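# An overview of the molecular structure
Here is what each chain is made of, one letter per residue.
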Amino acid sequence: DKCLSDVAQLDTLVTVVAAASLLNDFSSSDLLRDRGESLGAEDVRALVDLITDQIEFANVIVLNKLDRLGLVDRHKARTLVRALNPTANVIGSEWGRVPLGVILNTGAFDFEKAQAAPGWARELRGEHTPETEEYGIKSFVYRARRPFHPQRLMDLFQSEWPGVVRSKGFFWLATRMEWVGELSQAGGMLQHKAVGFWWAVAPEDERLRASEGIEDWDPNFGDRRQEIAIIGIDMDEAALRHRFDTCLLTDAEMADGIRAWRGLPDPFPQWRVAGPEAGDALMQ
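Now for a quick tour of the structure. (Residues numbered from 1 in each chain as written. Predicted model: local features only at pLDDT ≥ 70, side-chain atom pairs only at ≥ 80, totals over all residues. Heavy atoms only, no water.)

Summed over all chains, the structure comprises 10 salt bridges. Notably, a salt bridge pairs Arg 143 with Glu 227, separated by 3.0 Å at the nearest N-O pair. On the criterion of sequence distance, the pair formed by Arg 143 in strand 4 (residues 137-144) and Glu 227 in strand 8 (residues 226-233) is long-range, its members being 84 residues apart. It is possible to trace a salt-bridge network through shared partners that takes in Arg 143, Arg 225 and Glu 227. (Salt bridge = Lys/Arg side-chain N within 4 Å of Asp/Glu carboxyl O. Helix = DSSP H or I, 4+ residues; strand = E, 2+ residues; numbered from the N terminus.)

As structure tokens, this is what we get:
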């Protein structure tokens, strides 16, 4: 709480990115410990996750060492940063030279806006940023109201996604009707985990209150859904949508019913949610 309070009082939150290494590091699957930069044995963060978090949250981003890149790679670096954070002030620099007026005493940092700034979050809220299209940045939200077949979805997760820079959102597996899955992908790293339970499986009084406040509550499946924001550079949206569609249960599989779904091949690891409210829930 103290850290969040300190951040909320910042005047400007600046992230300095080494442009010369950004493109390679963003496509890397290295962990921080592989680079000797972890906070300890329990720090299992990926390098690309740290880079992404820093870029998405800042309101001023300095692309340093641009002098080490050619024009094409300079454009790629700027485009990548703009895809991750479409609202930040992006400043190019050489030899670390930056006008102090753009990073000091600006009064521009807003903690609540920073939390909502990432491109994926804006897409999920329906706040498309058309000015990014001039950089070749495309974005869309994949939505569906039927579950994914676990094996087909895992096959998709383990395949290449040409042009995709960032994706994040929630997914629903046919074998795990109670659970909300979360997908978070950045560059060369894709992670998935459980983040809780659908309102549809809450106690009746809580479920009824939730259904009244959710506009698209489904009479059969409640709030269960697929909702994933996808951001890319020169990506093929139609092809990606088709690949996700093929992971959904077919009409024949839907007709088999929930009991049959429980027996579908499921290569996902155990999901666990622990906390004072959820208790300690575990599911294979």
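Text resumes after the structure shown.
On to the packing of helix 2 (residues 19-26) against helix 3 (residues 47-57). Relative orientation of the contacting elements helix 2 and helix 3 amounts to 125°, with a least axis distance of 9 Å. Between helix 2 and helix 3, the angle is such that the two are oblique. The chirality of how helix 2 crosses helix 3 is left-handed. Along its contact with helix 2, which presents Leu 22, Asp 25 and Phe 26, the element helix 3 presents Leu 47, Val 48, Ile 51, Thr 52 and Ile 55. Split into classes, the residues belonging to the contact of helix 2 with helix 3 amount to 6 nonpolar, 1 polar and 1 charged. (Axes fitted to C-alpha atoms, helices over the stretch in contact; angles between N-to-C directions. Parallel < 35°, antiparallel > 145°, perpendicular 65-115°, else oblique. Left-handed = near helix turned anticlockwise from the far one by under 90°. Contact = heavy atoms within 4.5 Å. Nonpolar A, V, L, I, M, F, W, Y, C, P; charged D, E, K, R; others polar.)

In spatial order, the strands read 4-8-5-6-7; together these 5 strands make up an open sheet with antiparallel pairing. Strand pairing shows two members of the sheet lacking a second neighbour, strand 4 and strand 7 (189-197), which therefore form its edges. Here the strands of the sheet are splayed against their neighbours by 10° on average, with no regard to which way each runs. Set on the sheet, helix 9 (residues 237-245) makes contact with strand 4, strand 5 (164-171) and strand 8; between it and strand 4 the angle comes to about 25°. (Pairing = 2+ DSSP bridges.)

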